[in-house]
Amino acid sequence: MTEYDLYINVKKPAIGIYVRSGAGLPDFAHPDEWVFDGTAPQDVLPPKVIAGVEANGHAFRELG
């Protein structure tokens, strides 16, 4: 099963970004603002997140 890594924005902890497990962060201007928060299997994520990662290599998600 496909897994996805979650990174949290330290300045805005309600925003997360998902990427394929092991892919690392996209080329952001401020990568130090993101911290790894764990890995999730595909079956626990919303289809919109999976589709975003497939289309763009990453998907943002509001957390909480």
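Residues numbered from 1 in each chain as written. Predicted model: local features only at pLDDT ≥ 70, side-chain atom pairs only at ≥ 80, totals over all residues. Heavy atoms only, no water.

Draft legend 1. Examining helix α1 (residues 47–56) more closely. Where α1 is concerned, the buried positions are V49, I50, G52 and V53. Buried positions in α1, seen along its axis, are confined to an arc of 160° and lie on one side of it. The exposed residues of α1 that point more than 90 degrees off its buried face are P47, K48 and A55. Taken together, the buried residues of α1 touch β1 (3–9), β2 (15–20) and β4 (59–62). (Buried < 20%, exposed > 50% of the residue type's maximum accessible area, 1.4 Å probe, protein only. Helix = DSSP H or I, 4+ residues; strand = E, 2+ residues; numbered from the N terminus. Arc of directions from axis to C-beta. Contact = heavy atoms within 4.5 Å.)

Draft legend 2. Quick peek at the nonpolar core. Among the nonpolar cores identified, the biggest contains ten residues, and these are Y4, L6, I8, Y18, A40, L45, V49, I50, V53 and A59. For this core, the secondary structure elements donating two or more residues are β1 and α1. Here A59 is in contact with G16, I17, Y18, V49, G52 and V53, once residues within four sequence places are set aside. (Core = buried A, V, L, I, M, F, W, Y, C linked by side-chain atoms within 4.5 Å.)

This is a description of form; function is not addressed.
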